[in-house]
Each structure stands twice: as C-alpha cells, then as structure tokens.
Amino acid sequence: MKGVSLPFVATSARELLTRIPTSDGSPLFKNALDLGRQIAQIAPHPHETTVAVLLNDPGRNSNRYFNRPKQAGNFLNMVLGGVKPCPTSLRELIAVCIRNRLGPDRVVEAESWITRVNAALSEQHAAEREAKLGGSQAHAVTQFLEDSTEILIARPASHDEFELRADKVLNHCFDRLGLGKRQTDLEPLKVTICLPSTESAEKEADVLLRVMRSRFANANSPNRRTLETNFDRLVEGNILRVIHSKRASTMIPFVAFQLSDPDRMAAFCYTVDRSGKSGFLQLPRASCFEIQISFLSELKEEPQNVLQTLNEPGA
C-alpha cells in the first residue's frame, strides 16, 4: 500500500481534481467532463431506483446522473466554477471516483485527496457566501452564459442601438454563436429574444440586424463572408430568433438558462445602460417555475422568428 502526504495549501477543487498530478504523474481526471463520465458509470442500488420511480422523486436516488454523463459534467463545471454549491451526494460520488481512479494499492493517497477536495469545496462555498452580491451574481451569469445551451432573454421593450451594443448578455451569446471576436467549438446554443408585441419584436429585430450588418461591414474580407453566412444559418435555423409573446411584458428584462431542464434552470433579472454597466439579481426557484409555465409551451410551438422576415434578401 502506497501513501502520499500532500502539502495542505490553498488550492481550488478544480485544480485538485484536474490539474495537480498524483503519485503516478497524472491528475486525477482530465477535466470535469471526464469526471462526469466516471460519475455516470456508478449505478445506484436497484432498490433506490425502484423507490425513486415509484415516488417520482429523483432526489431519492443516490446517483441522479447514472447514465447521464453530459448532465453530470455540466453540473460539475458549475460547481467547480463557483456557480452552484456541491451537494453531499455529489461529494460522495466524487470520492468513489477518486478511490476507483487510484485503486486498492493507494488507499491512503486516495483518502488524502478526498479530504483536500472536500476542504476546497467547503472553502469555495464559504467564499461564495461572503462575496459581494453584485459581483457574485455577475460571475454566476457569466458561468451560465458559458455553459448553457438554451438561453431566453425577455424584455418589456426593444433595445436601442447603443443599449444592444453594450448588452453583455447578448454580446456573450453572439460570441458563442460565432458572431463575435472569438471562435468557439462549444456545443450548440439556441438564443431567443422575446418581446411583448409584434411592433416591439420588429423594432428589436431591426436594431439587431443593423448592429450585425455594421459589425460585418467592419470585419476584414476573409471573415466578413464567414460572419454573414453564420448569421444567415443561425437565423434560418431558428438558433437565433426574435419573437413576440404577450408574456414578455415584464417590469425589467430577465435572462433564463436551460428553460426545459428543471435540474439546471436559472433566471436573473438584469439591467444594462449605454455605457455597458450591468446589474444582475438571481430569481428564486418559485419565479423560475413561473417562467417555465409561462413560456415553455409557447416556445416549443416554434413561434414566428421576426428576424427571418427582416433578413430576407431585399427586405
């Protein structure tokens, strides 16, 4: 049996799990998705599964991520990014994976890693609670913007051109869609901008098109055609859409993530001014359920994308 004494220094849970080498010279896991795949292979006791199904309560299952590697990896990324606290059940699954990774000959080393990871997760949670509200909320929104594949932005009125250019939420979406300065290989993303009337939706689409066309015109020649082609494809495929919904008549704008996934959904009220200064406030769980009830069925019916009409040749 081989034991390794790890120096106890302040290190993040992500670094411990994916970057710092073990005694064999390699980190515990390649990344959060790799750890997610390991977690998804841990089968709960069959009796647990039966009871969870009978009671319609997935929380009774010790591993709700069994056979769901993508969901496990996504949630781990949010935990390790400081967006979500780490539930006890997930800590226990991480510990199982660490023991499996290091094997029966390195039990002492495995327990040392588990102790450090748990301490790092606890310190991370304490730091989150002590962070200033505005800073922590903005950080959470940034993480959701990076990790989500489904984003809904609801506004009581359309942007003007200066507001749209300064809107950090929208511009982060544009970047991920390949319409910004950076090129990404992230998984598919669907962005819906929702306005409370046909007139306001048309105005929003018009402003967005003017901003996009200006951006394309200022791009250098090799990139210009690529950006234009990407934009046309996104609009025609309803990956980027502007729609009308009476339910969007909110007092202030909000952004919602993963609307169709109850386990991952989150929503934030947010404001933006022409200088780009933003403010975010996370909505409680009850409000998230109300948003799901109000918007989900309508969005699944694929309402008309106003961008498609205005983006047609000659429009």
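Note that the structure is a prediction, hence the values are computed from the model and not measured.

Considering the overall build of the protein chain
Then, number 1: The helix and strand inventory of the protein chain stands at 13 helices and 6 strands.
Then, number 2: With 315 residues in all, the protein chain has 46% of them scored as buried.
Then, number 3: Approximately 16,200 Å² of the protein chain is accessible, and the part contributed by carbon and sulfur atoms is 53%.

Describing the nonpolar core
Then, number 1: Among the nonpolar cores identified, the biggest contains 72 residues, and Ile94 and Ile98 are the most heavily contacted of them.
Then, number 2: When residues of this core are assigned to their parent elements, the largest contribution, 8 residues, is made by helix H10 (residues 198-218).
Then, number 3: Contacts of Ile94, omitting those with residues within four sequence positions, involve Leu17, Leu35, Ile39, Leu76, Cys86 and Val117.
Then, number 4: Counting residues in hydrophobic clusters, the runner-up holds 17 residues, among them Ala154, Leu259, Leu283 and Leu299.

Overview of the environment of Asp263
Then, number 1: Among the secondary structure elements, Asp263 is positioned in the loop between strand S4 (254-257) and strand S5 (266-272).
Then, number 2: A C-alpha to C-alpha distance of 9.2 Å links Asp263 and Phe75, two positions 188 residues apart in sequence.
Then, number 3: Residues within four places of Asp263 in sequence aside, it is in contact with Arg64, Arg68 and Arg285.

A closer look at the sheet that holds S5
Then, number 1: The 6 strands lie next to each other as S3-S2-S1-S4-S5-S6, forming an open sheet whose pairing is mixed. The outermost strands of the open sheet, each flanked by one partner alone, are strand S3 (240-244) and strand S6 (278-282). Averaged over neighbouring strand pairs, the angle between their axes works out to 20° when direction is ignored.
Then, number 2: Both S4 and S5 contribute to a ladder of 4 bridges, which runs antiparallel. Note that in S5 the partner of Phe254 across the bridge is Cys269.
Then, number 3: Contacting strand S1 (150-154), strand S2 (190-195), S3, S4, S5 and S6, helix H9 (residues 168-176) runs over the sheet at an angle of about 150° to S1.

Describing the packing of aromatic side chains
Then, number 1: Per the stated rule, a full pass over the model turns up 7 aromatic pairs.
Then, number 2: With 5.8 Å between their ring centres and 20° between their planes, Tyr270 and Phe280 make a pair best called stacked. In this pair, Tyr270 sits in strand S5 while Phe280 sits in strand S6, placing the two residues 10 residues apart along the sequence.
Then, number 3: A connected cluster of aromatic rings, assembled from ring pairs, spans Phe144, Phe257 and Phe268.

Things to note about the side chain of Gln143
Then, number 1: Structurally, Gln143 is set in helix H7 (residues 133-147).
Then, number 2: A relative accessible area of 19% means that Gln143 is categorised as buried.
Then, number 3: In this structure, Gln143 is in contact with Gly81 and Val83, ignoring residues within four places of it in sequence.

So, the pattern of salt bridges
Pairs can form between side chains of opposite charge once their charged atoms are near each other.
Then, number 1: Summed over all chains, the structure comprises 11 salt bridges.
Then, number 2: The network of salt bridges with common partners includes Asp24, Arg101, Arg106 and Glu109.

Some words on the side chain of Ser148
Then, number 1: The topology assignment puts Ser148 in the loop between H7 and S1.
Then, number 2: The class of Ser148 is buried, set by a relative accessible area of 1%.
Then, number 3: Side-chain polar atoms of Ser148 contact the backbone oxygen of Phe144, separated by 2.8 Å.
Then, number 4: Apart from residues no more than four positions distant in its own chain, Ser148 is found in contact with Arg176, Leu189, Phe257, Gln258 and Arg264.

About the cut-offs
- Residues numbered from 1 in each chain as written.
- Predicted model: local features only at pLDDT ≥ 70, side-chain atom pairs only at ≥ 80, totals over all residues.
- Heavy atoms only, no water.
- Helix = DSSP H or I, 4+ residues; strand = E, 2+ residues; numbered from the N terminus.
- Buried < 20%, exposed > 50% of the residue type's maximum accessible area, 1.4 Å probe, protein only.
- Areas by Shrake-Rupley, 256 points an atom, 1.4 Å probe, with all protein chains shown as cover.
- Core = buried A, V, L, I, M, F, W, Y, C linked by side-chain atoms within 4.5 Å.
- Contact = heavy atoms within 4.5 Å.
- Pairing = 2+ DSSP bridges.
- Axes fitted to C-alpha atoms, helices over the stretch in contact; angles between N-to-C directions.
- Phe/Tyr/Trp six-rings, centres within 6.5 Å; stacked < 30°, edge-to-face > 60°.
- Salt bridge = Lys/Arg side-chain N within 4 Å of Asp/Glu carboxyl O.
- Polar contact = N/O pair within 3.5 Å; in protein donor to acceptor, adjacent residues only side chain to side chain.

Such coordinate-based values are descriptive only and should not be taken to indicate function.
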